[in-house]
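Okay, here's what each chain looks like letter by letter:
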Amino acid sequence: MSLDSASPKTSARSRKEPRQAATELIEHLPFEVDAGLAARAAIGLIVLGTDHTIEHEFARVIPRLPGVALYAARIANSPTITPETLRAMAASLTETTDLILPGVRLDVIGYGCTSASMVLGEERVFELVKKARPNAKVTTPITAAFAAFDAFEAKRIGVLTPYRRDVNEIVQSYIENKGYEVPVFGSFNEEDDNRAAKISGESLKRGVAAIMARAKVDMVFVSCTSIRLLDAAAGIERDLGIPVTSSNHALAWHCLRLAGIEDKLPELGRLYSK
């Protein structure tokens, strides 16, 4: 018999479906719950839609601390950083806050925009966030920076930003109005947030060195959550001999301290021993 004449029989057998055994359904299995990922602290973070950096830098900090968890939501914003685009975020700040684990307690919420925190004012940011989460402590990058300045008793602050001039003027005035001196202010003058996120670590180090060469300062603050300074901070401090912080570097530290997390992480720079 040829293979061809046998194939219909074989095909018929192969098409026969096996009998399915009945599934045994087991419901309401007993279980226990533990304290979850946020056994020590739950931190919420409002991230700009255009931000490349802040989640990455927070992820360099939070996993070092068992029992501390980070939960984020993104807020719509323009990649072009102007006073007008920064001010526009106020309209959706409360709604975005409410997206972070609705109904679950958060210890601290950080709003991840330095310049908008100054354009709107910290108190306005606090008010809008607390409409959604009245029991959470709230901070911003500039709030955290002020706490960092005070931790070092620093009064003369060198500032480095990527912003264009009109935003820089707001930043300088805001810092000075809080009682600090800004004897030197440097900027890369880049208004595109997507390009600011790619400013290299070596460029930042040169920028900090340029600031220090122009005036005596107690500390340098690098403003903008798109800037990548966290991993470089300790090295810059060793090389240049002065405390350095940035928007993300200060904000992560301040969120932890507000949440009662006092662990020291000196490998991240002098601030993380405060």
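All chains use their own residue numbering, which begins from 1 and follows the written sequence. Local features in this predicted model are restricted to residues of pLDDT 70 or higher, and side-chain atom pairs are both shown and tallied only at a pLDDT of 80 or more, whereas totals for entire chains, interfaces and linings draw on every residue. Where side-chain values are given, they derive from all heavy atoms of the structure, hydrogens and water being excluded.

S.K.: Teacher, can you tell me more about helix H10 (residues 201-214) here?
M.R.: Numbering of helices and strands runs from the N terminus; a helix is a DSSP stretch of H or I covering at least four residues, while a strand is a stretch of E covering at least two. Helix span, as expected, comes to 1.5 Å for every residue beyond the first. Compared with the 20 Å implied by 1.5 Å per residue over 14 residues, the 20 Å span of H10 between its first and last C-alpha is a close match. In this scheme, a residue with accessible area under 20% of its type's maximum is buried, one over 50% is exposed, and one in between is partly exposed, where area comes from a 1.4 Å probe on protein chains only. For H10, the complete set of buried residues consists of Ser-203, Leu-204, Gly-207, Val-208 and Ile-211. One side of H10 holds all its buried residues, which, seen down the axis, span an arc of 135 degrees. Along H10, exposed side chains directed more than 90 degrees from the buried face belong to Arg-206 and Ala-213. Note on definitions: a residue-residue contact is assigned when non-hydrogen atoms from the two residues lie within 4.5 Å. Residues of H10 that are buried sit in contact with strand E5 (157-161), strand E6 (185-187), strand E7 (219-222), helix H11 (233-240) and strand E8 (244-246). Our arc is simply the arc of the directions from the helix axis toward the C-beta atoms.

S.K.: When you look at the pattern of salt bridges in this model, what are you seeing that I'm missing?
M.R.: If the charged atoms of two oppositely charged side chains come close together, the side chains can form a pair. Every case where a carboxyl oxygen of Asp or Glu lies within 4 Å of a side-chain nitrogen of Lys or Arg is listed as a salt bridge. The tally for this structure, following the rule as stated, stands at 13 salt bridges. Its salt-bridge partner being Glu-262, residue Arg-257 comes within 3.8 Å of it at the nearest N-O pair. Salt bridges linked by common partners bring Arg-164, Asp-166 and Glu-191 together as one network.

S.K.: What's the story with helix H7 (residues 141-151) in this structure? I'm lost.
M.R.: Count 3.6 residues to each turn of an α-helix, and residues three or four apart come out pointing the same way. Within H7, eight of the 11 residues are buried, which leaves the element mostly enclosed by the surrounding structure. When H7 is considered as a whole, its buried residues turn out to be Pro-141, Ile-142, Thr-143, Ala-144, Ala-145, Phe-146, Ala-148 and Phe-149. Once H7 finishes, Glu-153 follows within two positions and takes phi at roughly 55 degrees, a positive value.

S.K.: Can you walk me through the side chain of Thr-225 in this structure?
M.R.: Here Thr-225 is to be found in the loop between E7 and H11. On the basis of relative accessible area, Thr-225 is assigned to the buried category, the value being 3%. Separated by 2.6 Å, the side chains of Thr-225 and Asp-51 make a polar contact. Those residues in contact with Thr-225, other than ones at most four positions away along the chain, are Asp-51, Thr-53, Ile-54, Gly-112, Cys-113, Thr-114, Pro-141, Ser-247 and Asn-248. Any pair of nitrogen or oxygen atoms within 3.5 Å is treated as a polar contact; in protein, a donor-acceptor pairing is required on top of that, and neighbouring residues in sequence qualify only through side-chain atoms on both sides.

S.K.: Explanation requested: the sheet that holds E8 in the structure shown.
M.R.: Think of a sheet as strands paired side by side through backbone hydrogen bonds, with each pair either parallel or antiparallel. Strand pairing is assigned whenever DSSP detects at least two bridges linking the two strands. Spatially, four strands are ordered E6-E5-E7-E8 in an open sheet, and the strand pairing comes out parallel. Two strands close off the open sheet at either side, each with one partner strand: E6 and E8. Pairs of neighbouring strands in the sheet enclose a mean axial angle of 20 degrees, with direction left out of account. Its contacts with the sheet place H10 against E5, E6, E7 and E8, and it is angled at close to 145 degrees to E5. Between N-to-C directions, angles span 0 to 180 degrees; the directions come from axes that are lines fitted to C-alpha atoms, helices contributing only their stretch in contact. Relative to the sheet, helix H12 (residues 247-258) contacts E7 and E8, its axis offset from that of E8 by approximately 85 degrees.

S.K.: Explanation requested: the pairing of strand E3 (residues 108-112) in the structure shown.
M.R.: Counting buried positions along E3 yields five of five residues, so the element is predominantly enclosed. Both faces of E3 are covered, namely the face carrying Val-108, Gly-110 and Gly-112 and the face carrying Ile-109 and Tyr-111. Looking at chain direction, E3 and strand E4 (residues 137-139) are connected through three bridges and run parallel. Within E4, the position partnered with Ile-109 by the bridge is Val-138.

S.K.: Is there a simple way to explain unusual backbone geometry in this structure?
M.R.: Glycine aside, a negative phi is what most residues show, and trans is what most peptide bonds show. You will see that Leu-101, though not glycine, has its phi angle at about 45 degrees, which is positive. Relative to the helices and strands, Leu-101 is located in the loop between helix H4 (90-97) and E3. Of note in the backbone geometry, Glu-153 takes a positive phi value of approximately 55 degrees without being a glycine. Its location among the elements puts Glu-153 in the loop between H7 and E5. A relative accessible area of 69% means that Glu-153 is categorised as exposed.

S.K.: Before we go on, may I ask you to explain the sheet that holds E4 in this structure?
M.R.: Pairing in this open sheet of four strands is parallel, and the strands run E2-E1-E3-E4 from one edge to the other. Because the sheet does not close on itself, it has two edges, and the strands there are strand E2 (68-75) and E4. Sheet twist, expressed as the mean angle between neighbouring strand axes with direction ignored, is 20 degrees. As judged from the five bridges shared by strand E1 (residues 41-48) and E3, these two strands associate in the parallel manner. For Val-47, the partnering residue across the bridge sits in E3 and is Gly-112.

S.K.: What is the right way to read the side chain of Ser-226 from this model?
M.R.: As for its position among the elements, Ser-226 is in the loop between E7 and H11. Dropping the residues within four chain positions of it, Ser-226 is found in contact with Asp-51, Thr-53, Asp-193, Ala-196 and Ala-197.

S.K.: Can you help me understand the environment of Glu-202 in this one?
M.R.: Mapped onto the elements of the fold, Glu-202 is located in helix H10. Look at Glu-202 and you get partly exposed, because its relative accessible area is 47%. Sequence-wise, Glu-202 and Ala-144 are 58 residues apart; in three dimensions their C-alpha atoms are separated by 24 Å.

Nothing here speaks to function; it is geometry throughout.
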